[in-house]
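Given next are the chains, with one letter for each unit.
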Amino acid sequence: MENKILIFRTSITKRCDIKRIGKLLAEFPQIDKWNVDFEDWEKILRIECSGITALEISEVLRNNHIFAKLSVYYPEYEDTKRKKHTLFTNALCRLSYGW
């Protein structure tokens, strides 16, 4: 199965929402790691996973009144340097060109 990184913009407004997300995502062994950037104005949820789709994740969250829109999807690369370069390049394009 392909490892991937999914990045969602979310509707969370309170830190207790992060605990709710944790309880929901704990039910999925396909999710290796996740975190929320609560300081970002979009309240970014970043998930490292395999064998689960962005749609499945967003539906589970939506059923619990947390709305998440997929912002970016990255297939995970074996070569860490290449991965970091690709993430940086994609972020730069989003900032420069509004992608």
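Just so it is clear, the model here is predicted, and its values are computed rather than measured.

Parameters at a glance
Numbering of residues starts from 1 in every chain and runs along the sequence as written. A pLDDT threshold of at least 70 governs which residues receive local features in this predicted model, and a stricter bar of 80 or more applies before side-chain atom pairs are shown or counted, although totals over entire chains, interfaces and linings include all residues. Each side-chain value is derived from all of the structure's non-hydrogen atoms; neither hydrogens nor water enter the calculation. Every helix listed is a DSSP run of H or I at least four residues long, and every strand listed is a run of E at least two residues long, numbered separately from the N terminus. The contact definition used throughout considers only heavy atoms, calling two residues in contact when any of these lie within 4.5 Å. For salt bridges, the criterion is a side-chain nitrogen of Lys or Arg within 4 Å of an Asp or Glu carboxyl oxygen. The pLDDT value tells you how sure the predictor is about a given residue, anywhere from 0 up to 100. Here, strands pair whenever DSSP counts at least two bridges between them. Every angle, taken between N-to-C directions, lies between 0 and 180 degrees, and every axis is a line fitted to C-alpha atoms, over only the stretch in contact when it is a helix.

Caption draft 1: Layout of the environment of I18. With respect to the helices, strands and loops of the structure, I18 is situated in helix α1 (residues 15-25). Separated by 18 residues in sequence, I18 and V36 have C-alpha atoms that sit 7.1 Å apart. In contact with I18, other than residues within four places in its own chain, are I12, W34, V36 and F38.

Caption draft 2: Representation of the pattern of salt bridges within the structure. The final tally for this structure, using the stated rule, is 3 salt bridges. Residue R15 pairs with E39 through a salt bridge whose shortest N-O separation is 3.0 Å. Here R15, found in helix α1, pairs with E39, found in the loop between β2 (31-37) and β3 (44-50); they are 24 residues apart in sequence, far enough to count as distant. Taking the shortest distance from any N to any O, the salt bridge between E48 and R46 comes out at 2.8 Å.

Caption draft 3: Spotlight on the confidence of the model for the protein chain. Per-residue pLDDT for the protein chain has a mean of 82; in total, 75% of the residues score no lower than 70. Between residues 77-82, whose pLDDT stays under 50, and residues either more than four places distant or in other chains, the model counts 3 contacts. In this model, residues 95-99 is a region of pLDDT below 50 whose contacts with residues beyond four sequence positions or in other chains number 3 contacts.

Caption draft 4: Looking closely at the sheet that holds β3. In spatial order, the strands read β2-β3-β1-β4; together these 4 strands make up an open sheet with antiparallel pairing. Two strands lie at the open edges of the sheet, namely β2 and β4 (68-75), each paired on one side alone. The mean angle between the axes of side-by-side strands here comes to 20°, regardless of whether they run parallel or antiparallel. Across 7 bridges, the pairing between strand β1 (residues 3-10) and β4 is antiparallel. Considered in β4, the bridge of I7 is made with V72. In the packing of helix α2 (residues 54-62) onto the sheet, the strands contacted are β1, β2, β3 and β4, and the crossing angle to β1 comes to about 35°.

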